[in-house]
Amino acid sequence: MSGTSIFRASVALTAALAMNGCGDTKQTPQQLPSTSHSQSPSPANPHGEALKCLVEGSPWEADTERLARETVERISMGQLKDFHTTGAATLTVDEELRARYAQDTTTTASMDLPAGQSLTSVVHTKGTVTGTWTEEDGKLVPTSGWDSTLTSTHTTTGGGQSSTATTQDDGIDKKPVTFTCTKDALTLTMQGSKFTIPFR
């Protein structure tokens, strides 16, 4: 495999692993279905049942292992042979829909590529995202004034090459989020994202 092919593969893998817990790298916008769990607000419950579930279940812990594995497995460029994630990510939401997302995780993945090559990627994501949502038609829409310190550092090695880069990706502070919520599980989907973020 050429150096250019290795580079392209490394970009794809590190982009996939660069989950900020509430989104991913930029994707082509797509129409998102409205969540079946969202309900119209009522005087007795102004946020609806789904929002009540979101608040009462807080704090939520992201299933970072599941998210990263499902993301990597969607890439068909090679055979995943080793994978693990350490650290944690949490989301807290209060009755005013003030949200705080905090993450400190390290994900390592390696895979075999065509022509006998191998690729290893390590992504360390750390920081917080804070701000307030409003609810509109079953979506959580960020208001102005969000603050984010969340960054991802990617180190990729393969084909005799190594590269390191740091990025600050779009998260819950940038785009509307559709969500479903039950007593034991919360899922978030960023507008324009292909991936669902699982919490428990």
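For the structure, check the block above.
Here's what I pulled together on the structure shown here. (Residues numbered from 1 in each chain as written. Predicted model: local features only at pLDDT ≥ 70, side-chain atom pairs only at ≥ 80, totals over all residues. Heavy atoms only, no water.)

**Thoughts on the nonpolar core**
Piece 1. In terms of nonpolar packing, the biggest core is built from 28 residues, with Leu 91, Trp 133, Ile 172, Leu 186 and Phe 199 touching the most fellow members.
Piece 2. For this core, the elements supplying multiple residues, two or more each, are helix 2 (48–56), strand 2 (79–93), strand 3 (98–112), strand 4 (118–136), strand 9 (177–181), strand 10 (186–190) and strand 11 (196–199).
Piece 3. Ignoring sequence-local partners within four residues, the contact set of Trp 133 consists of Leu 91, Val 93, Glu 96, Leu 97, Ala 99, Leu 140, Val 141, Pro 142, Thr 143, Trp 146 and Ile 172.
Piece 4. Judged by nonpolar contacts, the second largest core, of seven residues, contains Ala 68, Phe 83, Met 111 and Leu 119. (Core = buried A, V, L, I, M, F, W, Y, C linked by side-chain atoms within 4.5 Å. Buried < 20%, exposed > 50% of the residue type's maximum accessible area, 1.4 Å probe, protein only. Helix = DSSP H or I, 4+ residues; strand = E, 2+ residues; numbered from the N terminus. Contact = heavy atoms within 4.5 Å.)

**Section: the side chain of Thr 125**
Piece 1. As for its position among the elements, Thr 125 is in strand 4.
Piece 2. Looking at Thr 125, its side chain comes within polar contact range of the side chain of Ser 152, at 2.8 Å. (Polar contact = N/O pair within 3.5 Å; in protein donor to acceptor, adjacent residues only side chain to side chain.)

**Points about the state of the cysteines**
Piece 1. Counted according to the given criterion, the structure contains one disulfide.
Piece 2. Two residues, Cys 53 and Cys 181, share a disulfide whose sulfurs are 2.1 Å apart. Residues Cys 53 and Cys 181 are joined by a disulfide whose S-S torsion is about -75°; by sign, that bridge is left-handed. A residue pair is termed long-range when its members are at least 10 positions apart, and Cys 53 in helix 2 and Cys 181 in strand 9 qualify at 128 residues.
Piece 3. Since its relative accessible area comes to 15%, Cys 53 is described here as buried.
Piece 4. Residue classification places Cys 181 among the buried positions, given a relative accessible area of 7%. (Disulfide = S-S within 2.5 Å.)

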